[in-house]
Structure formats: structure tokens, C-alpha cells
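Close look at the chain arrangement
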Number of protein chains: 2
Amino acid sequence: MQSLPMPSVTEFFAPVKEDLSTLSTNLKNLVGARHPILYAAAEHLFEGRGKSLRPAIVFLVSRATMIDRDITPRHRRLAEITEMIHTASLVHDDVIDTAEVRRGIPTVNHNFGNRVAILAGDFLFAQASWYLANLDNLEVVKLLSKVITDFAEGEISQSLTAFDSSFSLEDYLEKSFYKTASLMAGSAKAAGVLSGVSIAHSDLLFDFGKNLGIAFQIVDDILDFTGSTESLGKPAGSDLKQGNLTAPVLFALEEKPQLEGLIDREFSELGDLDKALALVQSSNGISRSRELAKGHIKLAVSSIEWLPSSPHKQSLIDLATYVLDRSF
Amino acid sequence: MQSLPMPSVTEFFAPVKEDLSTLSTNLKNLVGARHPILYAAAEHLFEGRGKSLRPAIVFLVSRATMIDRDITPRHRRLAEITEMIHTASLVHDDVIDTAEVRRGIPTVNHNFGNRVAILAGDFLFAQASWYLANLDNLEVVKLLSKVITDFAEGEISQSLTAFDSSFSLEDYLEKSFYKTASLMAGSAKAAGVLSGVSIAHSDLLFDFGKNLGIAFQIVDDILDFTGSTESLGKPAGSDLKQGNLTAPVLFALEEKPQLEGLIDREFSELGDLDKALALVQSSNGISRSRELAKGHIKLAVSSIEWLPSSPHKQSLIDLATYVLDRSF
């Protein structure tokens, strides 16, 4: 996709570029210090993806709520914890989905085996809990512990509802909150709490992260239908194949009743998956999903209107807009 | 083993029998409320083992430090968290070891598959962290978060040192602390903290749990050589077969240099494992391991001398003595 004029997401992170660079070094040291094999896994993990969207949000919110002051070591630690939790969940997801590649890079389970991947995920969750406790702020501990519970909840829900064509859009939004938005919501709010913002403002930061996260997930789910194998780092239609019913499919189901039968028989007959993909493509599922994402982005942006003007506030707004643009 | 005159471990739990029964009901509700499949796994888990050693220690310490007062809902929640963390670690251990049976009962991965087992473990860890945060006591949050880190640390260490004949007794004791004793130490201390005991006394409760846990692990490792398949619920010599070098082997290595070669080649030749087992049996490894466990039990008992007389204190002492007796 390098040939497209689309700006890279990292452009929006320019105001926190140094913060992210420090984070990357710290994470590798925090995680890999005692175990060479975890160090290798950590290198692999933290280098591989490189986008650092979640800690970037933490840094941007931290700096946008700490105008004229430097952010504290606790803000930095929060960003690190956020990335650890996110990474731990990816590592276990890949074991569960027996995924061999993520964003074009071999997974930990593929490179090091299930044993190391399960342990590395447990270790990251555990380290995150430990650093969290040492932030010495019970509200932040609660916020982020809730995120870890939500992850497990989202994964289990996804696991139990695969190929269930009675899965509703409401269920989908709830699952997307658990899987993706909870971390962005909880960590954006926690950054505000560490800056000492009011309760009303910290709740608005939660709403910002929540709506950004839901939009992000919807766009990700659209890209599963519109992206190329190269840009996705996995074959298009992978979600549908696994029975993961996302916004475009749920909207398409309203227009194309034939889709239901294909899903119910879990694409067991030759050509079923291609037929289903074509039905989604020819429906308004993708454009309606875009509208849905757009609504959440608007809510996200309006949740941070109260922030004083700063390059960091602007980056948060640009980032929200960019999330939406990814779907075109 | 029912024919032996050995008392059942549950006899020592008599003073907290009702507490344990409430705990068992609560755990099933806490874990299984939202997901039928987790409820099934939870039923399976919490019924299956039934021994509840760890929460029993929490209740006994709680009551022994709350003479003339009832224990609080926080003490109860701590006992539940302790059992959740322990169970989560067992579930993931069984996936990692691809174990089909534990104490004679099919494992979660065997009954429900790896996917559910990984998710159930993550969910239990997450729920434990969440309830922990809601105890509203930062010291307790830190103590138990450390335990979760130690588990991961112990597992990784065990994974990396398999078949490593240069593994020292010191390494073994450290690993045993991480794997087994850390939870007993951290939760015994946390129970004291919730009762408001002095720092000196809470540290002694940590030492009690630590030494009891290390002795418990040593005895478990002895039983792997002396127990029957029926009493162990798995074939004798399982640890050694997997390259897990425990106290009896480490002592035997000092007397029987031939053992080293067998371990180094990972019992790859026919009869190697039987030869190794015979070498351990004919050495003083088992009796020296018993002496080692005995020393830790003495330390454990002396760590709670300061507790006022009560049936609960007596149960803690009896329990410590019983742990040792299991090895005969």
C-alpha cells in the first residue's frame, strides 16, 4: 500500500514520537530482561507491529491533559502497561486461532510454538498487573483490570457465537467494545485520571476511547472484505471464513436472506464462502458499516471538544478522522 | 490409598469447613454466571479437585488472626481469588504440558479443547485481577499480582531448564517458590494484612506460606518417585520423563554420576528412563529430599508461634505436619 497517497498512521504520532521511542526501548527491557526466549519473543512482538496505536493514544491524551507540564513517569508506565495488555491478548488470540501470520509477520506460536506463546502471553498479562498495582492508584488499577476481563469476555463471546446468524448488531457492538474499545476507553480515561482531570472529563475521555475503538473495529471488519491479502497481511474474508460475523455481514443479512443458509451450514459446500463474499460485496453492508463507523468517530471527536487547543488534541482528532479514511 | 490409616487432608480443614463450602458455591457463580461453557469448565474444575488447600490456608490464617471477631467479606474474597489464580495456572499448565488427566480427572483441554482451556485460564486470571482491584487494598493487590508474575516466571524457568543437568538445588528451590510457594506465601500474608496484623507478623505469615509451599512441592516431587499411578492420578516418574529435575534427582546426581548422561540425552534410548528411576531409588535422593522438606516444615511452624492459641492455629500446625507425612 506504500504507493497510495494515504498518510501513515505514525504521522499523527509526531507530537509523541520521542515518547513512543522511549516506550519501545523500555518494553523490551521490562519484558525481556530475565529470559532470553521472552526477549526474542518481545523483540519480535514489539518490533513487528510497530504501530503502537494504543500507547500513542495514552501519550496524546496524557500530554493534551498536561498542558504546560511534563507528563509523569506514571503516564509513561500506563502507556507501557497498555501495550503489554494488548500484546498479550494478540499472542493468545493467535494461539487460539492457530494463526501463522499477523500483519504479514509470523506469529509467536508459529515461530516459537504454543508452549512459549501461552507462557509469553501469561507473563505479559502478569507483568502488566504487577506494574499496574505499582502505579499506586486504585482507580487506574480497577480501570485496567476491567479491560483484561473484557478481553477474555470478548474472546469467549466470539468463540461461542461463531456461525450464529441470529447474532445481532447490538451483540456485535458489545463484542467490539470488549475486544477492542475497552482498552482504548480504559487507558484514555486512566491517562486523564493520572493527570488529575475532573470526573466528568475523565468519563468523556472514556467515551472518546470507546467510540474510537468501536469505529476502529468496524473499519477493520470492513477491510476484511475490501483489503488485499498484501495490505491485510492475511487473506481477505478470513473473519467470515471463521464464522466471525461482523458489521458488513450483519447488514448484508438484512438484504440477502440466502446468506443465512450459507452461514448456518458453516460454508461446508464447495464455493459457499465465495458466494457469501459476493453477497456481502453486492449488498449495502459495506457502505452502511462505514456510516456506522462515521457516527462513532463523530461521537469520539465531540467527546474531546473540551480539551484546550494543543498539537496533541489536534493529533487525536486527526487520528480519529484517519481511522475512518482507512475504510475507503 | 484409601485403605491406609492416613487422615484425609480435609480433616485439618474442619474448623473452616463451612467457609470452604460457601467458597465453592461462590466460585461457581462468580466464574460461570455469564457463560454456560465456563460454568461447565468451572464445575469441572472446582468440583474435581475438591481439596481447596490454598483457600483453606487463607481461611485458617484469617480466623487465627481474627480471634473473637468474624472474618470479613474481604477475607472471603481473598480466598476465592487465591483459588481462581491457582485454578487458572493449572488450566494453562495442562495445555502447555498437553496433559489429558490431572489427579485422575480429565483436564479442561482434554474435555473442551485448547481454545476453551486458554480462554478459561485467561478469564480466571482476569476475574482474579478484577476482584483483587476491588478489595480496595493496594498492599494486597501488589502481593497477589506478584504471585501471578511468579507463576509465569516459574513456568518459563521450568520450560527453559528441562533436561539441564547443571540445574542446581538453589535453582530448584527458587523455581518451587515461584511455582507453588509464592501463592501460599502471598495469600497467607494478605489474609494477615486484611486482619490488620503488624508488619512483622504479616512477614512471618509470608514465611509460613513460603516454607509450607516449598515443603509441599518437595513432597509432591518425592511422591512422583514413590507414589502409585492410582494415588498420583498419573504415571510415576512423569516429572523426570519430561526433564523436570526435582530434589530427589538433584541429590541422586551427586551420588550417581551415570544419571547425568541419561538426562543429557533426554532418555532417548530404550530403557533410559527406567535406569534413571532405579538410580534415583537406590540413592539417598529421596531420604535427603525428606530431610529438606522437614527443615522447611520446621521453619513454617516456627513462623506462626506468635499466633494466639485457637483451633485454627492448631489446624495450620497439623496441616504442616501432614504435608510432611504424605512423603512416607
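Residues numbered from 1 in each chain as written. Chains lettered and ligands numbered in written order. Predicted model: local features only at pLDDT ≥ 70, side-chain atom pairs only at ≥ 80, totals over all residues. Heavy atoms only, no water.

In terms of helices and strands, chain A carries 16 helices and two strands. Looking at chain A residue by residue over its 328 residues, the buried ones come to 58%. With an accessible surface of roughly 13,100 Å², chain A has 52% of that area assigned to carbon and sulfur atoms. (Helix = DSSP H or I, 4+ residues; strand = E, 2+ residues; numbered from the N terminus. Buried < 20%, exposed > 50% of the residue type's maximum accessible area, 1.4 Å probe, protein only. Areas by Shrake-Rupley, 256 points an atom, 1.4 Å probe, with all protein chains shown as cover.)

For the structure on display, the rule yields 22 salt bridges over all chains. Here R63 of chain A makes a salt bridge to D70 of chain A, at a shortest N to O gap of 3.2 Å. The class of D70 of chain A is exposed, set by a relative accessible area of 53%. As a salt-bridge pair, R77 of chain B and E80 of chain B come within 2.8 Å of each other at their nearest N and O atoms. Here R77 of chain B and its partner E80 of chain B are both found in helix α4 (residues 73-96), three residues apart, which amounts to about one turn of the helix. (Salt bridge = Lys/Arg side-chain N within 4 Å of Asp/Glu carboxyl O.)

Negative phi values dominate among residues other than glycine, just as trans dominates among peptide bonds. Of note, F267 of chain A is a non-glycine position whose phi angle comes to about 50°, a positive value. Note on placement: F267 of chain A falls in the loop between α13 (258-264) and α14 (272-282).

Contact residues are listed per partner, giving 36 residues for chain A and 37 residues for chain B. The contact between chain A and chain B buries some 3,700 Å² in all, and 67% of this surface belongs to carbon and sulfur atoms. Put simply, K142 of chain B and D136 of chain A hold a salt bridge, and the shortest N to O gap is 2.9 Å. Summed over the shared surface of chain A and chain B, the result is six residue pairs in polar contact (both at pLDDT 80 or more). Elements supplying a minimum of two residues to the side of chain A that touches chain B: α2 (36-49), α4 (73-96), α6 (114-133) and α7 (138-160) of chain A. It is α7 of chain A that provides the largest number of residues to the side of chain A that touches chain B, a total of 13 residues. Residues belonging to the side of chain A that touches chain B are distributed by class as follows: 18 nonpolar, nine polar and nine charged. (Contact = heavy atoms within 4.5 Å. Buried area = accessible area lost by both parts, 1.4 Å probe. Polar contact = N/O pair within 3.5 Å; in protein donor to acceptor, adjacent residues only side chain to side chain. Nonpolar A, V, L, I, M, F, W, Y, C, P; charged D, E, K, R; others polar.)

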